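Residue strings, one per chain:
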Amino acid sequence: FLFSVFQPENLQKNWLREFYQVVHAHKPHFMALHCQEFGGKNYEASMSHVDKFVKELLSSDAMKDYNRARVYLDENYKSQEHFTALGSFYFLHESLKNIYQFDFKAKKYKKVTGKEIYSDTLESTPMLEKEKFPQDYFPECKWSRKGFIRTRWCITDCAFDLVNIHLFHDASNLIAWETSPSVYSGIRHKALGYVLDRIIDQRFEKVSYFVFGDFNFRLDAKAVVETLCAKATMQTIRAADTNEVVKLIFRESDNDRKVMLQLEKKLFDYFNQDVFRDNNGTALLEFDRELSVFKDRLYELDISFPPSYPYSEDSSQGKQYMNTRCPAWCDRILMSHSAKELILKSENDEKIVIYDHIGPNVCMGDHKPVFLSFRIAAGAGKPIANVHKCCVVQ
């Protein structure tokens, strides 16, 4: 999530209140929270808010039953080569016994005790793997911080990887609109494929994995615009000096030629936002196609929440989208097919699995956090198992 530069205190209060409500409702025993662009766009000014946020999370009354925690913050913004602005938080309930975390250098599990915070130099922390994507993946974005952090856990004989990921965004709505699928979706596929190959390579034993964060998946812009503006006529506006297309205006053919959609590099102004909100935007899910390339490698539960981005950062506009981008399900929780078996094969076939968003009516920043709550059987798949409850939050 992003801290708004205008009202970080207010936004943080809202964000934590809504988050604590989800914790209280689901009472997870093991909880993972993955954040991207941690500290917002203006790191040097925002890091004090980050410290405050971390202190509040670790000491709040709402989290008092979580007696062990691991926090990994990539705050080293001076390192152009490594900085990802990712934050990964893991909380363990006092009722959970024998939780182990994997040491990637020693290649063995270590028992998790106490609360520890790691920041600045995550490169030297053996309890995780962190990588920033190579610059040549997205050369037009000079200061990209996109990358991933991976940790590995073992709870009651059940081992799994948790990967915090941030993939590349769409730089221009006009370029995204030109082709179907867009050039940007190809860049995201390449980066996600790289991560998946990395976490199942030969260096370590293969385990189930959950990948969650801001994938920046977008709807197929060309198909969406053609559907939303099927009966419209398009006007193209070019820059006088370069003849480059700078704006597209779609007008109704009749009805006084009312403007339906205006499209610029960073403008997606559609006249009726209800289409993105009605029935949780389900009508638009057919245009959410980026994950289909990975259907053999990744599984996702059915989406039953509206597009998670881009929400207004005005605190009085909790349900309103900004008119900068076409709303899309950027924030997702995906898993390997073996992880899917893990969460759906719980004791007595008790399928208590919830995939939803947080703070539907409250300003949470430009992204709404998404969470997955499920029960996982101890020994995962062994005939007799105790059920523990897990929760992961993007």
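A brief structural summary. Treat the numbers as computed from the prediction; the structure is a model and nothing was measured.

### Here's the deal with the packing of aromatic side chains
- Under the defined criterion, the tally for this structure stands at 33 aromatic pairs.
- Considering the side-chain rings of Phe30 and Phe160, the 5.9 Å spacing of their centres and the 80 degrees angle between planes classify their relative orientation as edge-to-face. With Phe30 in strand β1 (residues 30–35) and Phe160 in strand β9 (residues 158–166), the pair connects residues that are 130 residues apart, well separated along the chain.
- On the accessibility criterion, Phe30 (2% relative accessible area) is buried.
- Judged by centre distance (6.3 Å) and plane angle (75 degrees), the rings of Tyr270 and Phe276 are edge-to-face. Like Phe276, Tyr270 is buried.

### Quick word on the nonpolar core
- Among the nonpolar cores identified, the biggest contains 60 residues, and Phe30, Leu162, Phe210, Cys229 and Phe268 are the most heavily contacted of them.
- If we ignore the near neighbours within four places in the chain, the residues touching Phe268 are Asn173, Val225, Leu228, Leu261, Gln262, Leu263, Phe276, Asn323, Thr324, Arg325 and Cys326.
- Listed in part, the 30 residues of the second largest apolar core include Leu33, Cys35, Tyr66 and Leu73.

### Things to note about the environment of Cys35
- Here Cys35 lies in strand β1.
- Residue classification places Cys35 among the buried residues on the basis of a relative accessible area of 0%.
- Remark: the alpha-carbon pair of Cys35 and Ser88, spanning 53 residues in sequence, is separated by 6.3 Å.

### Observations regarding the side chain of Glu290
- Mapping Glu290 onto the fold places it in the loop between α6 (274–277) and β15 (331–335).
- At 2.8 Å, the side chain of Glu290 forms a polar contact with the side chain of Arg188.

Rules used in this analysis
- Residues numbered from 1 in each chain as written.
- Predicted model: local features only at pLDDT ≥ 70, side-chain atom pairs only at ≥ 80, totals over all residues.
- Heavy atoms only, no water.
- Phe/Tyr/Trp six-rings, centres within 6.5 Å; stacked < 30°, edge-to-face > 60°.
- Helix = DSSP H or I, 4+ residues; strand = E, 2+ residues; numbered from the N terminus.
- Buried < 20%, exposed > 50% of the residue type's maximum accessible area, 1.4 Å probe, protein only.
- Core = buried A, V, L, I, M, F, W, Y, C linked by side-chain atoms within 4.5 Å.
- Contact = heavy atoms within 4.5 Å.
- Polar contact = N/O pair within 3.5 Å; in protein donor to acceptor, adjacent residues only side chain to side chain.

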